[in-house]
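Each chain, written out:
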Amino acid sequence: MTFDGWIQIALFGLAVGVLVKPLGGYMTRVFAGERTLLSPVLGPIERVLYRLSGVDERVDQGWLRYAVAMLLFNLVGFLSLYALLRLQALLPLNPAGQPAVEAGLAFNTAMSFATNTNWQSYVPETTMSYLVQMMGLTVHNFVSAATGVALAIALVRGFARRSTSGIGNFWVDLTRCTLYVLLPISIVVGLFFVWQG
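Quick look at the structure, then.

**What to know about helix 2 (residues 39-53)**
Given 3.6 residues per helical turn, the α-helix brings residues three or four places apart onto the same face.
Phase 1 of the analysis: Spanning 15 residues, helix 2 covers 20 Å between terminal C-alpha atoms, matching the ideal 21 Å at 1.5 Å per step.
Phase 2 of the analysis: For helix 2, every residue scored as buried is listed here: Ser39, Leu42, Gly43, Glu46 and Tyr50. Along the axis of helix 2, the buried residues cluster in a sector spanning 115°; they form a single face. Away from the buried face of helix 2 by more than 90 degrees, exposed residues Val41, Arg51 and Leu52 are located.

Encoded structure:
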């Protein structure tokens, strides 16, 4: 390994070490449902989302209900992205007139984004319409990452709550991860990139 490689590893380790306490504490409060700095702004949005979707944030799910909810959510996400890709020629926000994505590539892309691997064998700007990039790929970049974080949180709860059967609520964990963790990070990083040109 080169000297630059070791420096990069050291800088990454330093960044993780610096962020683990503040970010870990923040995420602990978020997933415990405690008040955070963003609660006054995001709390009302979170409650509206629960009301619209019929989710009771106080209901704990056992591991089976949690797993079924996660699998159904990912199945619906996969099918909706596959449909967007296959029907893109008929959908709006396609000024370049992109044709429907071929079935094999659409399946591979939808499965890849649903499982958060995001493997791409195409150039999105010349293959995907604006609608597919916004409603399909970008949404999956958030919700598939949120699903992974939610499952990690559920695993931790499972170890910590040995005497109870509930490990949290998948819908609540997914919503909180997206609203309180992923969106703020993406806004801060996006503003940094804009500042850097």
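**What to know about the packing of aromatic side chains**
Phase 1 of the analysis: For the structure shown, the criterion picks out eight aromatic pairs.
Phase 2 of the analysis: Ring geometry for Phe78 against Tyr82: centres 6.3 Å apart, planes inclined by 25°, an arrangement best described as stacked. With a gap of four residues between them, Phe78 and Tyr82 both fall in helix 3 (residues 63-86), about one helical turn apart.
Phase 3 of the analysis: Judged by relative accessible area, which is 11%, Phe78 ranks as buried.
Phase 4 of the analysis: Owing to a relative accessible area of 25%, Tyr82 belongs among the partly exposed residues under this scheme.
Phase 5 of the analysis: Within the aromatic cluster, the residues linked to one another by ring pairs are Tyr66, Phe73, Phe170 and Trp171.

**Section: the environment of Val76**
Phase 1 of the analysis: Within the secondary structure, Val76 sits in helix 3.
Phase 2 of the analysis: A residue is classified by how much of its surface remains accessible, and Val76, at 55% relative accessible area, is exposed.

Procedures and definitions
Residues numbered from 1 in each chain as written. Predicted model: local features only at pLDDT ≥ 70, side-chain atom pairs only at ≥ 80, totals over all residues. Heavy atoms only, no water. Helix = DSSP H or I, 4+ residues; strand = E, 2+ residues; numbered from the N terminus. Expected span 1.5 Å × (residues − 1). Buried < 20%, exposed > 50% of the residue type's maximum accessible area, 1.4 Å probe, protein only. Arc of directions from axis to C-beta. Phe/Tyr/Trp six-rings, centres within 6.5 Å; stacked < 30°, edge-to-face > 60°.

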